[in-house]
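What follows is each chain in one-letter form.
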Amino acid sequence: MACHGLPLINGQSCDPYATVSLVGPSRNDQKKTKVKKKTSNPQFNEIFYFEVTRSSSYTRKSQFQVEEEDIEKLEIRIDLWNNGNLVQDIFLGEIKVPVNVLRNDSSHQAWYLLQPRDNGNKSSKTDDLGSLRLNICYTEDYVLPSEYYGPLKTLLLKSPDVQPISASAAYILGEICRDKNDAVLPLVRLLLHHDKLVPFATAVAELDLKDTQDANTIFRGNSLATRCLDEMMKIVGGHYLKVTLKPILDEICESSKSCEIDPIKLKEGDNVENNKENLRYYVDKLFSTIVKSSMSCPTVMCDTFYSLRQMATQRFPNDPHVQYSAVSSFVFLRFFAVAVVSPHTFHLRPHHPDPQTVRTLTLISKTIQTLGSWGSLSKSKSSFKETFMCEFFKMFQEEGYITAVKKFLDEISSTETKESSGTSEPVHLKEGEMYKRAQGRTRIGKKNFKKRWFCLTSRELTYHKQPEFIERKDAIYTIPVKNILAVEKLEESSFNKKNMFQVIHMEKPLYVQANNCVEANEWIDVLCRVSRCNQNRLSFYHPSAYLNGNWLCCLETSENALGCKPCTAGVPADIQIDIDEDRETERIYSLFTLSLLKLQKMEEACGTIAVYQGPQKEPDDYSNFVIEDSVTTFKTIQQIKSIIEKLDEPHEKYRKKRSSSAKYGSKENPIVGKTS
């Protein structure tokens, strides 16, 4: 909240900031306050959220496994620093608060004397360091058996289908919570678990668009929609960031290359031209990796971006660039740029970087987000306020950057049909496997090759005898995209033919010979992209064909033998999300319980609007609520209240049981004043 009596630095008031960490055996989550200028008594009033028993990644298959943490081993640590600006930051003092002391005191507010590093190993006196005022709120949920949560889950999961969306239980939760972040965390996880997030996020984003008058400010606010999408990207995009950014961020953080280009902040001996080249090298490398990463972008993010793009185009039909800015405002500004400047918060780095690295990452992040928005909006001017950044950005004002950004945004947000060049250029198809049963063929030979024309949509791959048959949709054979298990190159030795690839699906493999290597690679790339998240994708494949009773590559005689070589398409973009839906529903129940007073006010507002067609009470009572349909909203609130009342009963029974079974002198019933 605040500090008092911080020491002077060189006889002057300091520029303090604080790092706030939750520290334990398997975690060190660190967040940072804003810097307060020239004061020994700063007022921070900043709020930070930590989840005690849950990793931020929350994925089963990532390297950050989710484990129940021992609360006895966790502590909150706050370090005060003086912002050095041109020199190293100076440590001012710290406090540490064990989390377990909060179990019986959910809200704790106190003044703490700042301590020297390592609590007294240095000669500083504690009363010389000043004090810090802290307010800690701790919430502990008890999760009931699954059967208790059915009605509340059902009501929440119906939210995407409610018309208007503002009358849904999920939206109402966001309206009445003291802070929307409280609602967003469990809500996004629950909706993700049941594949309901995309339609819900799309519906609430449409509300944002109705209030957006300028296409240049699209999705720049801090609404329920943008917070839901931010949280979604953090959950499902962890692996995406890891494979895309981590190698380069490791290189940046572990090297000592100076990238400072602000003349005011240059150190003695620094060469600004060398620094500029260092910075450009990192920006180019990071930018190139991002715009080539569409294959790794999780499906749920692609589906959401597609919806945002469509809605933005409908809202601003005369703006040709809004379809790109609607997507770039999330993927560049709210995802990549944030991860670059704070890699430790996305588990891309183990610790908060040192000040010089933070400065380098900040400059890179600024450039990357401007490249993303500048490219998608096709602006000739950058958005930098600093002269030195404007000069640096001129190095990137080339058409190639715009083209690369647009191509990337198209790939992660467009489901346009891709037809082969088959309307004029045929693709050669190995067709024997597909017609083996119908034509009674027992062998596959070179004579089985015939010219065929391909057409790929987001749903299916088809091939046709003649190019004009594509328009008539007269397909010889159709492979649903969802049935594709792998797309890989085929060894030339299989049929003594070049530029071959195979589409492995639920039936027999489809062998294709393209006109050239470029065409083959393009087909492999696009087929991999549209099928990258199919649930049954193969990890291994046969690089050669099954001919004359065995696989040519490994000589296995069984046609169903497991592949002998790892698939090259990489890890599927979607990592399985392991979410405890009962736990998330319990959290939502607790939020509704804590917000019953605001829920009641919202209910009264609905009644007033429905009866009198207008506000009859003081506007402050409900003017902040979004109520589009008072009757439907009123009904939803009634359902919420009824479900909460029924859930209150088992919770009350549990509380009574816990109180009566707690032993005298235990943690649940401590002996006050006992010091042993």
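Just so you know, these numbers come straight off a predicted model, no measurement behind them.

What to know about the overall build of the protein chain
Secondary structure assignment for the protein chain yields 18 helices and 19 strands. Residues counted as buried form 49% of the 676 residues belonging to the protein chain. Long-range pairs, those at least 24 residues apart, make up 67% of the contacts in the protein chain between residues at least 6 apart in sequence.

Details of the pairing of strand 7 (residues 131-137)
Here strand 1 (residues 2-4) runs beside strand 7; their pairing, made up of three bridges, is antiparallel. Note that in strand 7 the partner of Ala 2 across the bridge is Arg 133. Sheet topology places strand 6 (residues 107-113) next to strand 7; seven bridges connect them, and they run antiparallel. Bridge pairing in strand 7 places His 108 opposite Ile 136.

Concerning helix 2 (residues 169-176)
Extensive coverage of helix 2 is indicated by the burial of eight of its eight residues. Where helix 2 is concerned, the buried positions are Ala 169, Ala 170, Tyr 171, Ile 172, Leu 173, Gly 174, Glu 175 and Ile 176.

Digging into the pattern of salt bridges
Counted under the stated rule, the structure contains 18 salt bridges. The shortest N-O distance in the salt bridge between Glu 94 and Lys 96 comes to 3.9 Å. For Glu 94, a relative accessible area of 4% translates into the label buried. The residue Lys 153 makes a salt bridge to Asp 582 at a minimum N-O spacing of 3.4 Å. Separated by 429 residues along the polypeptide, Lys 153 in helix 1 (residues 150-157) and Asp 582 in helix 16 (residues 581-594) bring together distant segments of the chain. The class of Lys 153 is buried, set by a relative accessible area of 12%. Classification of Asp 582 as buried rests on a relative accessible area of 12%. Salt bridges sharing partners connect three or more residues here, namely Lys 246, Asp 250, Glu 254 and Arg 349.

Examining the packing of aromatic side chains
With the rule as written, the count across this model stands at 18 aromatic pairs. Seen in terms of ring centroids, Phe 392 and Phe 396 are 5.2 Å apart; in terms of plane orientation they differ by 70 degrees. Their pairing is edge-to-face. Residue Phe 392 is classed as buried on the basis of its relative accessible area, which comes to 0%. The rings of Tyr 240, Phe 332, Phe 335, Phe 336 and Phe 408 are connected pair by pair, giving a single aromatic cluster. Seen from the ring of Phe 316, Arg 315 lies directly overhead, with NZ or CZ sitting 4.8 Å from the centre.

Considering the nonpolar core
If you look at soluble globular proteins, the nonpolar side chains tend to sit buried side by side. With 112 residues, the main nonpolar core has Met 232, Leu 245, Phe 305, Val 331 and Phe 408 as its most contacted residues. The element best represented in this core is helix 9 (residues 322-341), accounting for twelve residues. Apart from the residues within four sequence positions on either side, Met 232 is in contact with Val 188, Leu 192, Leu 197, Gly 237, Val 300, Met 301 and Thr 304. Ala 18, Leu 22, Ile 95 and Tyr 138 belong to the second-largest nonpolar core, a separate cluster that totals 26 residues.

Regarding helix 15 (residues 517-531)
Relative to the 21 Å expected for 15 residues at 1.5 Å per residue, helix 15 spans 21 Å between its end C-alpha atoms, a close match to the ideal helical length. All of the buried residues along helix 15 are Glu 519, Ala 520, Trp 523, Ile 524, Val 526, Leu 527, Cys 528, Arg 529 and Ser 531. At the N-terminal boundary of helix 15, the capping side chain belongs to Asn 516, with an oxygen 2.7 Å from the backbone nitrogen of Glu 519.

Re the sheet that holds strand 6
Strand order across the open sheet formed by three strands is 1-7-6, with antiparallel pairing between neighbours. Lying at the two open borders of the sheet, with one neighbouring strand each, are strand 1 and strand 6. Within this sheet the neighbouring strands show an average axis-to-axis angle of 20 degrees, counted without direction.

Quick notes on the environment of Thr 212
Structurally, the position occupied by Thr 212 is in the loop between helix 4 (197-211) and helix 5 (224-236). Classification of Thr 212 by relative accessible area gives buried; the value is 10%. Through-space distance from the C-alpha of Thr 212 to that of Phe 316 is 9.8 Å; in sequence the pair is 104 residues apart. The contact partners of Thr 212, leaving out residues within four places of it in the chain, are Thr 217, Ile 218, Arg 315 and Phe 316.

Thresholds applied
Starting afresh in each chain, residues are numbered from 1 along the sequence in its written order. Totals for whole chains, interfaces and linings use every residue, but because this is a predicted model, local features are given only for residues with pLDDT of at least 70 and side-chain atom pairs only at 80 or more, for both listing and counting. Working from all heavy atoms in the structure, the side-chain values ignore hydrogens and water. Each helix corresponds to a stretch of at least 4 residues labelled H or I by DSSP, and each strand to a stretch of at least 2 residues labelled E; elements are numbered beginning at the N terminus. Only protein chains enter the accessibility calculation, which uses a 1.4 Å probe. A residue is then buried if its area is under 20% of the maximum for its type, exposed if over 50%, and partly exposed in between. Any two residues having at least one pair of non-hydrogen atoms within 4.5 Å are treated as being in contact. Here, a strand pair is defined by DSSP locating no fewer than two bridges between the strands. Between Lys or Arg on one side and Asp or Glu on the other, a salt bridge is scored when a side-chain nitrogen of the former is within 4 Å of a carboxyl oxygen of the latter. In summary, the pairing rule links any two rings of Phe, Tyr or Trp, Trp by its six-membered ring, whose centres are within 6.5 Å, and it sorts them by plane angle into stacked for under 30 degrees, edge-to-face for over 60 and tilted for everything else. Criterion for a charge above a ring: Arg CZ or Lys NZ at most 6 Å from the ring centre, at most 35 degrees from the ring normal. Grouping buried Ala, Val, Leu, Ile, Met, Phe, Trp, Tyr and Cys residues that are joined through side-chain atoms within 4.5 Å yields what is termed a nonpolar core. Multiply 1.5 Å by the residue count of a helix minus one, and that product is the helix's expected span. Here a polar contact is taken to be a pair of N or O atoms separated by no more than 3.5 Å, where protein atoms must pair a possible hydrogen donor with a possible acceptor and residues adjacent in sequence count only if both atoms sit in side chains. The axes used here are C-alpha line fits, helices contributing only the stretch in contact, and every angle between their N-to-C directions lies in the interval 0 to 180 degrees.

On their own, these measurements won't tell you what the molecule is for.
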